[in-house]
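# Fold and geometry: a report
Chain by chain, the residues run as shown.
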Amino acid sequence: MLSLLVNLLFLGCQGDSEFARIMSIVDPNNSGAVTFQAFIDFMSRETTDTDTADQVIASFKILAADKTFITAVELRRELPPDQAEYCIARMAPYTGPDAAPGALDYMSFSTALYGESDL
């Protein structure tokens with residue numbers, strides 16, 4: 001399951017002030033924990049439609065600094081460990097002309113998540 005962080009990236013959350021605003025909504029007691037219900041309520045209020053593969057691709061593109069691939073190092077730096085490892089284990093190697101060693105294909109991974117292709 002994707003974390004609050006990744007879902008916030010899907011929504012376009014960028015910067016500490018925006019993250020602080022969202023956390024004040026989902027964690028009003030500043031306990032450091034977000035209940036599942038608070039997360040669902042927030043997502044219901046903030047999104048008018050469901051995520052699409054294109055939104056997920058756009059989020060990965062932000063994490064990858066606009067590259068057409070992402071590396072395990074970038075995933076491990078930007079995502080919680082369990083989510084990074086989930087992505088790394090399931091992303092195919094990127095084989096485009098601009099591929100770097102260890103490049104991973106976040107585009108095919110993202111479309112597979114939404115049933116638009118197979119992993």
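Analysis parameters
- Residues numbered from 1 in each chain as written.
- Predicted model: local features only at pLDDT ≥ 70, side-chain atom pairs only at ≥ 80, totals over all residues.
- Heavy atoms only, no water.
- Helix = DSSP H or I, 4+ residues; strand = E, 2+ residues; numbered from the N terminus.
- Buried < 20%, exposed > 50% of the residue type's maximum accessible area, 1.4 Å probe, protein only.
- Contact = heavy atoms within 4.5 Å.
- Salt bridge = Lys/Arg side-chain N within 4 Å of Asp/Glu carboxyl O.
- Polar contact = N/O pair within 3.5 Å; in protein donor to acceptor, adjacent residues only side chain to side chain.
- Arc of directions from axis to C-beta.

Looking at an unreviewed UniProt entry, one finds the protein chain named EF-hand domain-containing protein, with Pogonophryne albipinna as its source organism.

## Considering the overall build of the protein chain
Tallying secondary structure elements over the protein chain gives seven helices and two strands in all. Start at the N end of the protein chain and walk to the C end: the helices and strands fall as α-α-α-α-β-α-α-β-α. Out of the 119 residues belonging to the protein chain, those deemed buried represent 38%. The contacts in the protein chain between residues at least 6 apart in sequence include a share of 54% that link residues at least 24 apart.

## Details of the pattern of salt bridges
By the definition in use, this model includes three salt bridges. For Glu85, the salt bridge is made with Arg76, and the minimal N-O distance between the two is 2.7 Å. Looking at Glu85, the relative accessible area reads 37%, which means it is partly exposed. With relative accessibility at 47%, the residue Arg76 sits in the partly exposed group. Between Glu78 and Arg77 there is a salt bridge; the shortest N-O distance is 3.1 Å. In this structure Glu78 comes out as partly exposed when scored by relative accessible area, which is 31%.

## Focus on the side chain of Glu74
Mapping Glu74 onto the fold places it in helix α5 (residues 72-78). Among the residues examined, Glu74 registers a relative accessible area of 9% and is labelled buried. One polar contact links Glu74 to Lys67, side chain to side chain, over a distance of 2.4 Å. Among the polar contacts made by the side chain of Glu74, one reaches the main-chain amide nitrogen of Thr71 at a distance of 2.9 Å.

## Considerations on helix α4 (residues 53-63)
For α4, every residue scored as buried is listed here: Ala53, Val56, Ile57, Ser59, Phe60 and Leu63. Down the axis of α4, the smallest arc covering the buried residues is 160 degrees, so these residues share one side. Positive phi shows up at Ala65, right after α4, with a value of about 55 degrees.

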